[in-house]
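# An overview of the molecular structure
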Amino acid sequence: MSENTQRNAPKTTEKTTDTRGTGSKPAPVMAATGKHASTPAGTRAVVVAGNRIPFSRAGGPYANASNQDMLTAAIDGLVARTGIAGERLGAVAAGAVIKHSRDFNLTRESVLGSALDHATPAYDVQMACATGMETVSSISNKIRLGQIEAGIAGGVDSSSDAPIAVSEGLRRALLKLQRAKTTMQKIQAFKDIRPADLTPAVPSSGEPRTGLSMGEHQALTTQHWGITREAQDELAAASHQHLAAAYERGFFDDLVTPFKGLTKDNNMRPDSTVEKLGNLNPVFGKKLSGEATMTAGNSTPLTDGASAVLITTDEWASQRGLTPLAEVVDTESAAVDFVTGKEGLLMAPAYAVPRLLARHGLTLQDLDLVEIHEAFASTVLAIMKAWESPEFCKDRLGLDAPLGSIDRSKLNVNGSSLATGHPFAATGGRIVASTAKELAARAKAEGRPQTALISVCAAGGQGVAMLLRSA
Amino acid sequence: MSAADSTVPSLPEGYERTMPSGAVKLPALYATAGARAATSAAGDAAASASRRVLPALRTSPVGRILPASLRTPGRDRVSGALELPRVAHVVEGLAADPEWHEKFCRVVHATPHPEAPGSAETAVFSGALHCLAFPVAMSVLTRKDFPLPVLGMVHISNTVHHVSDVAVGERVTATAWTENLRAHRAGTMLDAVVTLTREDGSVAWAGRSGYLAKGVHTAIAGEAPRAGSEDAAQREHAPFEAPLPTGQWSLGAGTGRDYAAVSGDYNPIHLSDPSARALGMKGAIAHGMYTASRALALTGVPSEVPFTWSVDFATPVRLPATVAVAVDDDGRGAHWSASHVQVWGPKRNRPHAQLRVAAL
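Residues numbered from 1 in each chain as written. Chains lettered and ligands numbered in written order. Predicted model: local features only at pLDDT ≥ 70, side-chain atom pairs only at ≥ 80, totals over all residues. Heavy atoms only, no water.

In this section: the sheet that holds strand β11 (residues 350-359) of chain B. All names here are of chain B. Read from one edge of the open sheet, 11 strands run β1-β2-β4-β5-β6-β3-β8-β11-β10-β9-β7, paired in mixed fashion. Looking at strand neighbours, the two that pair on one side only are β1 (16-18) and β7 (247-251), the edges of this open sheet. The average angle at which neighbouring strand axes cross in this sheet is 20 degrees, direction not considered. Pairing between strand β3 (residues 154-162) and strand β8 (residues 307-313): 6 bridges, direction antiparallel. Bridge pairing links N158 to V311 in β8. Across the sheet, helix α6 (residues 126-141) touches β2 (87-94), β3, β4 (172-184), β5 (187-197), β6 (203-214) and β8, and the angle it forms with β4 is around 70 degrees. (Pairing = 2+ DSSP bridges. Helix = DSSP H or I, 4+ residues; strand = E, 2+ residues; numbered from the N terminus. Axes fitted to C-alpha atoms, helices over the stretch in contact; angles between N-to-C directions. Contact = heavy atoms within 4.5 Å.)

Below, the structure is given as C-alpha cells:
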C-alpha cells in the first residue's frame with residue numbers, strides 16, 4: 001500500500017500534503033478492490049449533510065431511549081434527508097462514551113436497524129468527548145486514501161440510560177465462581193463476597209487516575225487562568241442566545257430531526273441573561289482557596305442525544321445530486337499531563353490547534369469561524385487566554401509570539417454545548433455538521449472560500465482540532 | 001530527617017541475631033492468603049516458602065500479639081530506665097504470593113511492573129515489601145523484654161531504601177530489630193528496622209519505621225533526662241499551606257479493613273469506629289502505610305531505578321474521608337530524579353502525610 005501510494009502520489013517533499021488544490025482527480029468508481037492502480041491522492045473528503053436528534057437533558061424525554069435507538073434515529077434522519085436509503089456505504093463510524101458492554105457493536109447494530117444497505121460495514125470508536133471528532137477524522141481519511149467513497153461519522157450518548165455494573169468485589173467473586181470447578185472452590189468464591197459488594201457501581205465523570213471530577217479539574221484551570229464568573233456567564237448567555245437565534249431563523253431545519261416528541265434542544269434557554277446566570281450558586285471549585293465561579297449555568301449538563309454526518313467524495317455526492325458543504329481539511333490530536341497537575345485536564349486543544357494551524361500556514365486571525373466546544377464556559381475562556389499569553393505560547397508551545405485573540409463575533413456563532421447540552425460522543429458530529437452548513441452559507445454570501453476551526457477537549461487530557469473549508 | 005535516614009540501615013554492633021524466640025508464636029503472625037496457617041515458619045522455613053508464606057495476622061488470637069507490658073496494669077507508669085532488647089529477629093524464606101500481591105496492588109491502586117524489561121517475573125511493589133517485613137518487626141515489638149506497649153502505638157514516619165526489586169515468589173530473608181529509643185513531646189519514640197536480603201546476602205530493601213508510644217514519659221537508658229528533645233522543635237512548624245490538588249481519594253469506611261486484609265495489620269484503630277474508640281481514638285483511621293503506598297503508586301518513579309522513599313505522617317485520616325492529593329514529579333522516565341506527594345484534608349485544611357521519593 002505504502003509503496004503504491006509513493007509511486008503514484010504527486011511529488012511532494014513535505015510530509016503534509018496540501019489538499020487545497022484539487023482540480024483533477026480520477027474517479028475510482030469502486031475503490032474497494034486492492035488491485036486498482038488509479039491514484040486516490042488529492043481526493044477530497046467533503047461534508048455533504050448532517051443530522052442529529054434534539055439533545056435532551058438527562059432524565060427527560062429520552063430517559064428510556066437506548067444509545068442504539070438514538071444513533072439509529074440520527075442515521076435514519078440523515079439517510080432520509082439525503083435520499084440514500086438502501087445505499088451501501090464504505091463505512092459508518094460512531095461511538096458512545098458511556099456504553100454498555102453488550103453494545104460492543106453499537107454502530108453496526110444501529111446500521112442494521114437503519115435504512116442503509118445491510119452490507120454497510122461499521123465500527124465503534126471511543127475517545128471520550130472527542131469521539132465524534134475522531135470518527136469524522138477517520139472517515140475522512142479513508143475517503144482521502146481512496147479506501148471508501150462515502151461514509152457516515154457520528155456518535156451518541158445517554159446519561160439517562162447509563163449502564164449500572166455490579167461492584168468490583170462482586171464482579172471478581174462471580175468470575176471466580178465461574179472458574180471454580182469443585183464445590184469447595186465455589187464455596188470459596190462466595191466466601192469472598194462482602195455485604196458492601198452488593199451495592200452497584202454507577203459510572204461517574206471522575207478521572208480514574210486523579211479521582212477528581214471533570215468539573216473539579218476545570219475549577220483548577222479556571223483558577224489558574226483567573227477566569228471570572230462574569231466572563232463565564234457572558235459566554236453561557238451568548239451560547240443560549242446564539243442557539244435560539246439559529247433556531248429562530250430556521251438554521252437547524254435541515255440539521256435536526258425530531259425525536260420522541262422533542263423538536264428543539266430542551267436545555268436551551270432563549271431568555272438566558274448574565275443577570276439570571278449570576279444568581280446561581282457555584283458547584284465546582286468550592287474546596288479551593290480562591291473564589292468558586294463555576295455554576296450549573298456555565299457548565300454543560302448531562303445530556304442524551306445522537307448525531308451523524310455524511311462525508312463523501314465530490315464524485316459520489318454529485319452522482320446523487322448532493323451538494324458538498326465543506327471539505328474536511330485536516331485533523332490534529334493532542335494530549336497533556338494533567339495527572340501531576342502540569343497542565344489542565346481540558347487544555348489539550350490549546351496544543352492541538354497551533355500545530356494544526358502551523359501545518360497549514362494559518363493564524364488564528366485567518367479563520368472565518370471558530371468553534372470551541374463549551375465543556376465549561378471557562379474551558380473556552382482558558383484556552384483563548386492561553387493563546388493570548390506570551391508566556392504560555394513561548395514556554396508551552398515554543399512560539400516566538402502569542403497566537404493572539406479570537407474575534408468573538410466568529411466564535412460559536414450558532415451556540416454551542418452550554419446551550420445545546422453535551423451528549424459526549426454526539427458533540428463532534430453536531431459541531432461538524434453545523435459548521436459545514438454555516439461555512440457553505442457564508443461562502444455563498446460573501447463569494448469567497450471560508451475556513452473554520454473546530455476544537456474539542458476530552459477526558460483523559462486529550463483534545464482534537466479540525467480544519468474545515470467551504471467546499 | 002535524622003542522619004540515620006540517609007544510609008541503608010545495618011544491624012548495629014552488639015546485637016544478637018536470633019530466630020524469633022516464640023517459635024510457637026510466629027506461625028500465629030503468619031498465615032497464607034487462603035488462611036492456610038503456616039505451621040512451622042521458623043523451624044521449617046523452606047517448607048513455608050514453598051507454601052508462599054505471606055504475612056497476615058488474621059488468624060492470630062489478639063492476646064498472642066500483646067506484649068507482656070500491655071497485659072500488666074499501670075503500663076504508663078513504667079519505672080526505671082527503658083532499654084530496647086539488643087536482639088535481631090531473622091526469618092528466612094519469606095516470599096510474596098502472586099495472588100496476594102495482586103490483591104495488595106489493587107487495594108493501594110498500584111500498577112505492578114516486571115522485575116526487568118521483558119522479564120516474566122513481577123517486581124514486588126515497595127509498599128508490599130513493607131507488609132512482608134512487617135510481621136518480623138512485630139515479632140520484635142512483641143517480645144517479652146520489649147519495654148513499650150505495642151497496641152495503640154502510632155506510626156509517625158517511615159523511610160525505605162528500595163535498592164533492587166524483589167520478584168514475586170522470590171525468597172528473601174528478613175532481619176528485624178529496634179533501635180534509636182528517644183524522647184518525643186508526646187511520649188517515647190523508637191525505630192523498628194527491617195532489612196530484606198536476597199539469597200546472595202545483598203540487601204534488596206530496608207525499611208525504618210518510627211513508632212511513638214503515646215504518653216510514655218520516662219527515662220531512657222544512656223540518655224540525659226529529657227529537656228528540649230529534637231522532636232520538640234518540630235512542633236513550631238509553619239501553618240499548613242495547601243498546594244493546588246492534582247487529585248483526590250474517596251476513602252470509604254471499609255478502607256482500613258481492606259488494607260488490613262492485605263497487610264495483616266489488624267490494629268483495631270483501623271477497623272471500625274467502636275474498636276478504634278476502645279483504644280482511645282475518636283474513630284477509625286486509615287493505615288499510615290496505606291496512605292504511603294497509595295501516594296507512592298501515584299509517583300512516576302521508573303522501574304529499575306533504585307530509590308528511597310520516606311513518609312511523614314501528620315494528622316491521621318479519619319475514615320470515611322475525601323482527601324486531596326498533590327503529586328509533583330521531577331522529570332519523567334529516564335529523566336526522573338524525585339517525586340513529592342502531599343496528602344491533606346481539604347475541608348479543615350489539615351495535612352495528613354507527605355511522601356518524598358528520590359533516586360538512590
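So, next bit.
Each side of the interface is counted separately: chain A has 16 residues, and chain B has 14 residues. In total, about 1300 Å² of surface goes out of reach between chain A and chain B, with carbon and sulfur atoms giving 49% of it. The largest per-residue losses of area from chain A upon contact with chain B belong to R194, K287 and T340 of chain A, which jointly make up 33% of the total buried on that side. For the interface between chain A and chain B, the tally reads 1 salt bridge. For D328 of chain B, the salt bridge is made with K342 of chain A, and the minimal N-O distance between the two is 3.9 Å. Viewed at the interface, chain B and chain A are joined by 2 residue pairs in polar contact (both at pLDDT 80 or more). Listed by contribution, the elements that provide at least two residues to the side of chain A that touches chain B are α5 (168-179) and α7 (214-224) of chain A. (Buried area = accessible area lost by both parts, 1.4 Å probe. Salt bridge = Lys/Arg side-chain N within 4 Å of Asp/Glu carboxyl O. Polar contact = N/O pair within 3.5 Å; in protein donor to acceptor, adjacent residues only side chain to side chain.)

Bringing the domain arrangement of chain B into the picture now. Reports often express the size of an interface as the amount of accessible area lost when the parts come together. All names here are of chain B. Segmenting chain B into domains produces domain 1 (10-225) and domain 2 (237-360). On the domain 2 side, the residues contacting the 32 residues of domain 1 number 28 residues. The tally of links between domain 1 and domain 2 comes to 0 salt bridges. On inspection of domain 1 and its partner domain 2, the count reaches 7 residue pairs in polar contact (both at pLDDT 80 or more). Those elements that provide at least two residues to the side of domain 1 that touches domain 2 are α5 (98-107), α6 and β3. (Domains from an automatic or database assignment.)

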